[in-house]
Amino acid sequence: MLAAAAALRTLAVADEPVAVVHGASTDILYYSDHPGWALSVNDRNLSDKLQAARRQGARWLAVADLPTVNASPFAREALATLHLVKEGGDFRVYDLAGRTVDAPRSHGENGAE
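Residues numbered from 1 in each chain as written. Predicted model: local features only at pLDDT ≥ 70, side-chain atom pairs only at ≥ 80, totals over all residues. Heavy atoms only, no water.

1. Overview of the overall build of the chain
So, step 1. The helix and strand inventory of the chain stands at five helices and five strands.
So, step 2. Starting at the N terminus and ending at the C terminus, the chain contains elements arranged as α-β-α-β-α-β-α-α-β-β.
So, step 3. Residues counted as buried form 39% of the 113 residues belonging to the chain.
So, step 4. Once local pairs closer than 6 in sequence are excluded, the contacts in the chain between residues at least 24 apart make up 54%.
So, step 5. Carbon and sulfur atoms make up 50% of the accessible area of the chain, which totals about 5,700 Å². (Helix = DSSP H or I, 4+ residues; strand = E, 2+ residues; numbered from the N terminus. Buried < 20%, exposed > 50% of the residue type's maximum accessible area, 1.4 Å probe, protein only. Contact = heavy atoms within 4.5 Å. Areas by Shrake-Rupley, 256 points an atom, 1.4 Å probe, with all protein chains shown as cover.)

2. Considerations on a nonpolar patch on the surface
So, step 1. A grouping of L2, Y30 and Y31 is seen on the molecular surface, where their side chains present a nonpolar patch of about 370 Å² in accessible area.
So, step 2. Secondary-structure assignment places Y30 in helix 2 (residues 27-32). (Patch = residues over 30% accessible without salt bridge, like charges linked within 9 Å, V, L, I, M, F, W, Y side chains within 5 Å. Salt bridge = Lys/Arg side-chain N within 4 Å of Asp/Glu carboxyl O.)

3. A word on unusual backbone geometry
So, step 1. Even without a glycine there, the phi angle at D15 is positive, about 65 degrees.
So, step 2. Positive phi, normally seen in glycine, also occurs at D65, with a value near 65 degrees.
So, step 3. Residue placement: D65 occurs in the loop between strand 3 (60-64) and helix 4 (66-71).

4. With respect to the packing of aromatic side chains
So, step 1. Using the criterion set out here, one finds one aromatic pair in the structure.
So, step 2. The interplanar angle of 85 degrees and the centroid separation of 5.0 Å between the aromatic rings of Y30 and Y31 together place this pair among those described as edge-to-face. (Phe/Tyr/Trp six-rings, centres within 6.5 Å; stacked < 30°, edge-to-face > 60°.)

5. Notes on the sheet that holds strand 2 (residues 36-39)
So, step 1. Pairing in this open sheet of five strands is mixed, and the strands run 2-1-3-5-4 from one edge to the other. The open sheet is flanked by strand 2 and strand 4 (83-88), the only strands paired with a single partner. When strand polarity is set aside, the average angle formed by the axes of neighbouring strands in this sheet is 20 degrees.
So, step 2. Here five bridges tie strand 4 to strand 5 (residues 91-95), and the two strands are oriented antiparallel to one another. (Pairing = 2+ DSSP bridges. Axes fitted to C-alpha atoms, helices over the stretch in contact; angles between N-to-C directions.)

Next up, the structure:
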């Protein structure tokens with residue numbers, strides 16, 4: 001979770017809103033020192049809420065606790081068309097503005113770290 005927050009600090013500009021998925025916790029928001037939205041991995045409307053966050057200024061999405069995220073059909077659907085920009089041991093960061101228009105990519109492509 002701290003690695004996800006550190007990744008957001010390197011990608012997002014100061015005071016830029018971000019979206020996070022880590023249970024329903026605001027920890028990543030707190031440690032990244034960014035405003036934004038803490039969304040639940042179990043929310044059946046996760047895709048819609050991510051797009052609403054994007055419309056309100058969030059460019060980056062950080063997800064942590066990957067076993068839980070990967071087990072959620074709502075999270076898998078929501079993340080399938082997002083561009084992965086950074087990956088670590090138990091987190092990923094996606095670009096909400098860089099949605100793919102082709103088939104969903106696996107989580108090792110796109111030059112992810």
